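Coordinate inspection notes
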Amino acid sequence: QVRLVESGGGLVQAGGSLRLSCDTSGRTFNSITMGWFRQAPGKNREFVGSIRSDGSTLYSDSVRGRFTVSRDNAKNTVSLQMNSLAAKDTAVYYCAAEPFGMHIYARNWRSWGQGTQVTVSS
């Protein structure tokens, strides 16, 4: 199983940017598909984006064009660059690893981080 630790959350004004990182350990990172989800209060966990071992990415419609998922195989980290943030992006953001089905479903991911809070003030 992969251990995941997120960092980089915080408070940012609407229109601003934030970069989240996820440090991994426990498996060969460069062969693992990684993903990001978020969960706002009272809502289900929502798919944000994912990146395969070959670098190909998938994004939800709500963040496409504003968020970018990237990976650094030398550092065993995956990042989420968030630009043009809005109040609707406020949530706890989770890093995930090793999906065994469609990426958009949280139930299909094997490993999770503890989450990091992102708050966007309007």
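Our structure is the block above this text.
In this report, the structure presented in the accompanying data block is examined. In this text, all values refer to a predicted model and were calculated from it rather than measured experimentally.

Under the definition given, this model contains four salt bridges. Across the salt bridge formed by E46 and R38, the nearest N and O atoms sit 2.8 Å from each other. For E46, a relative accessible area of 32% gives the class partly exposed. Among the residues examined, R38 registers a relative accessible area of 5% and is labelled buried.

Turning to the packing of aromatic side chains, a few remarks are in order. Here the structure, examined in full by the defined rule, presents four aromatic pairs. With 5.1 Å between their ring centres and 65° between their planes, F37 and W112 make a pair best called edge-to-face. Of this pair, F37 sits in strand β4 (residues 34–39) while W112 sits in strand β10 (residues 109–112), and the two are 75 residues apart along the sequence. For F37, a relative accessible area of 0% translates into the label buried. In this structure W112 comes out as partly exposed when scored by relative accessible area, which is 26%. Ring plane angle 85° and centroid distance 6.3 Å describe the contact between Y94 and W112, whose orientation is recorded as edge-to-face. Of the two residues, Y94 sits in strand β9 (residues 91–99) while W112 sits in strand β10, which places them 18 residues apart along the sequence.

Attention shifts here to the pairing of strand β5 (residues 46–51). A large share of β5 lies buried, amounting to five of its six residues. The loop that links β4 with its antiparallel partner β5 comprises six residues; one of these, G42, has a positive phi angle of about 80°. As paired elements, β5 and strand β6 (residues 57–59) share three bridges and run antiparallel to each other. Counted as the bridge partner of G49 is Y59 from β6. Taken together, β5 and the strand that follows it, β6, pair antiparallel across an intervening segment of five residues, in which G55 is found at a positive phi of about 90°.

Rules used in this analysis
- Residues numbered from 1 in each chain as written.
- Predicted model: local features only at pLDDT ≥ 70, side-chain atom pairs only at ≥ 80, totals over all residues.
- Heavy atoms only, no water.
- Salt bridge = Lys/Arg side-chain N within 4 Å of Asp/Glu carboxyl O.
- Buried < 20%, exposed > 50% of the residue type's maximum accessible area, 1.4 Å probe, protein only.
- Phe/Tyr/Trp six-rings, centres within 6.5 Å; stacked < 30°, edge-to-face > 60°.
- Helix = DSSP H or I, 4+ residues; strand = E, 2+ residues; numbered from the N terminus.
- Pairing = 2+ DSSP bridges.

Interpretation in functional terms is not warranted from these geometric data alone.
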